Amino acid sequence: KGNGKDKTVQSVQFVEAEPPDHLRGIVHRFLELKTDGTLSDDYRFHALPDACTYVVFDQLDHNITGVSKLRAESEEFNLGRMFHFVNIRFLPGVWQSSQEPLSFGMVDHPYSGDLPLIDINQNLSGRDFPDQQHILTKLVDTLVRSKMVAPNPVTEKIFQNLDWIASVADMAEVSEISARQLQRTLKRTTGFSPHDFLKVLRLQQALNGN
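The structure contained in this document is the topic of the report that follows. (Residues numbered from 1 in each chain as written. Predicted model: local features only at pLDDT ≥ 70, side-chain atom pairs only at ≥ 80, totals over all residues. Heavy atoms only, no water.)

With that settled, the discussion passes to the packing of aromatic side chains. Each aromatic ring pair is specified by the distance between its two centres and by the angle formed by the two planes. Across all of its chains, the model carries four aromatic pairs by this definition. Each ring, one from Tyr-43 and one from Phe-83, has its centre 5.3 Å from the other, and the planes form 45°; the classification is tilted. With Tyr-43 in the loop between strand 2 (27-35) and strand 3 (44-47) and Phe-83 in the loop between strand 6 (75-78) and strand 7 (84-90), this residue pair connects regions lying 40 residues apart in the sequence. This pair shows no difference in class: Tyr-43 is buried, exactly as Phe-83 is. Joined through ring pairs, the aromatic side chains of Tyr-43, Phe-83 and Phe-85 make up one cluster. (Phe/Tyr/Trp six-rings, centres within 6.5 Å; stacked < 30°, edge-to-face > 60°. Helix = DSSP H or I, 4+ residues; strand = E, 2+ residues; numbered from the N terminus. Buried < 20%, exposed > 50% of the residue type's maximum accessible area, 1.4 Å probe, protein only.)

Listed below in C-alpha cells is the structure:
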C-alpha cells in the first residue's frame, strides 16, 4: 500500500513525530503505524531502500521487538489485518552495530538481546502516541550514554549539503575525507556504498517533495 501518509488506506493510521532538539543528530522520526480495527484484507507495506536503523515495538505482542534495518532493495511486508507498531527511526550510520546486531526486515521473533526492549514495550502499552514518545526519548538518551548510538559526522555533513551534492566526489569533499575513506566509513556505518547511499537519499528526498 505504500510507505507514507499519502499511501495509506482510511482505516490505517501512519503518524510521524520529530524528536526533541537534543536528539536531532541521532533520531530522524518517531513513528506509529496501526489499524483502527480489523481490515477486510491483508495490508501489504511496501518499504523502499532505506539506510536507517529502526527499533521496532509490536504493541500487540510485547515480546516482539528488536533492532532492524532494511536491505538495499525494496521489500514488501504482509502486516496482516490488524497491527500496531511504534518505531524509532534512527538517522543513517548512528547505530553502533558492533554492540547490538541488526536483523533485516520485519521483526517477527521474540527479542533475545541484552537491551530492555521487552520491558519498554510493556511500558508503552496502553499509552497514546505523545506519551509513548517520552518513553522512546528516555530509551534513546540511555543508548547515547552507553554509546550504543552516536552522531555520525560524515552522514551529517552529507545531509547538510545534500542540495548541491551531485556525485560521490562531492560527498567526499563536504565530508572532508578522501573517496576511499568515504567508501570505508559509509560501508561500515550504513551498509551502503557511497553511490548507493546517494541514490537512497535522492529517492527519499524526491518522495518528501524536496
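Now that the structure has been shown, the text picks up again.
A few words now on the packing of helix 1 (residues 117-124) against helix 2 (residues 129-145). At a minimum axis separation of 10 Å, helix 1 and helix 2 run at an interaxial angle of 160°. The angle between the axes of helix 1 and helix 2 places the two elements in the roughly antiparallel class. You can see that helix 1 and helix 2 cross each other, and the crossing is right-handed. The segment helix 1 lies against helix 2, with Leu-117, Ile-120, Asn-123 and Leu-124 engaging Gln-132, Ile-135, Leu-136 and Leu-139. For the contact of helix 1 with helix 2, the per-class residue count stands at six nonpolar, two polar and no charged. (Axes fitted to C-alpha atoms, helices over the stretch in contact; angles between N-to-C directions. Parallel < 35°, antiparallel > 145°, perpendicular 65-115°, else oblique. Left-handed = near helix turned anticlockwise from the far one by under 90°. Contact = heavy atoms within 4.5 Å. Nonpolar A, V, L, I, M, F, W, Y, C, P; charged D, E, K, R; others polar.)

All right, on to the nonpolar core then. Counting 27 residues, the largest nonpolar core has Phe-57, Ile-88, Phe-90 and Trp-95 as the members making the most contacts within it. Among the secondary structure elements, those contributing two or more residues to this core are strand 2, strand 4 (53-58), strand 7, helix 1 and helix 2. Looking at this core element by element, the count peaks at six residues for helix 2. Counting residues in each nonpolar core, the second largest holds 18 residues, with Leu-39, Ala-47, Leu-79 and Phe-83 among its members. (Core = buried A, V, L, I, M, F, W, Y, C linked by side-chain atoms within 4.5 Å.)

So, on to the layout of surface pockets. Estimated volume of the second largest pocket: approximately 240 Å³. Taken together, 16 residues form the lining of the second largest pocket, with Thr-65, Gly-66, Ser-103, Val-107 and Tyr-111 sitting closest to its centre. Of all the elements in the fold, those that place two or more residues in the lining of the second largest pocket are strand 5 (65-69) and strand 8 (103-104). Element by element, the count of residues in the lining of the second largest pocket is highest for strand 5, at three residues. Here the lining of the second largest pocket is composed, by residue class, of seven nonpolar, seven polar and two charged. (1 Å grid on protein atoms, 1.4 Å probe; cavity = no way out; pocket = protein on both sides within 12 Å on 5 of 7 lines; lining within 4 Å. Points joined across faces, edges and corners; volume = space filled by probe spheres on them.)

The next point concerns the environment of Glu-100. Summarising the element assignment, Glu-100 is placed in the loop between strand 7 and strand 8. Sequence-wise, Glu-100 and Gln-160 are 60 residues apart; in three dimensions their C-alpha atoms are separated by 28 Å. Other than its neighbours up to four places away in sequence, Glu-100 contacts Val-67, Trp-95, Tyr-111, Gly-113, Asp-114, Leu-115 and Met-148.

Pairing is mixed across the open sheet formed by six strands, whose spatial order is 1-2-7-4-5-8. Strand pairing shows two members of the sheet lacking a second neighbour, strand 1 (12-17) and strand 8, which therefore form its edges. Bridge analysis of strand 4 against strand 7 gives six bridges, and the strand direction is antiparallel. Paired with Asp-58 across the two strands is Phe-85, which belongs to strand 7. The sheet strands contacting helix 2 are strand 1, strand 2, strand 4 and strand 7, and the helix crosses strand 7 at an angle near 40°. (Pairing = 2+ DSSP bridges.)

Before going further, it helps to examine the pattern of salt bridges. If you walk through the whole model with that rule in mind, you get seven salt bridges. Put simply, Arg-24 and Asp-21 hold a salt bridge, and the shortest N to O gap is 3.3 Å. Classification of Arg-24 by relative accessible area gives partly exposed; the value is 40%. A relative accessible area of 63% places Asp-21 in the exposed class. The salt bridge involving Arg-81 is made with Asp-42; its shortest N-O contact spans 3.5 Å. Taken together, the residues Arg-81 in the loop between strand 6 and strand 7 and Asp-42 in the loop between strand 2 and strand 3 connect sequence positions 39 residues apart. (Salt bridge = Lys/Arg side-chain N within 4 Å of Asp/Glu carboxyl O.)

Read these as spatial facts, not as claims about activity.
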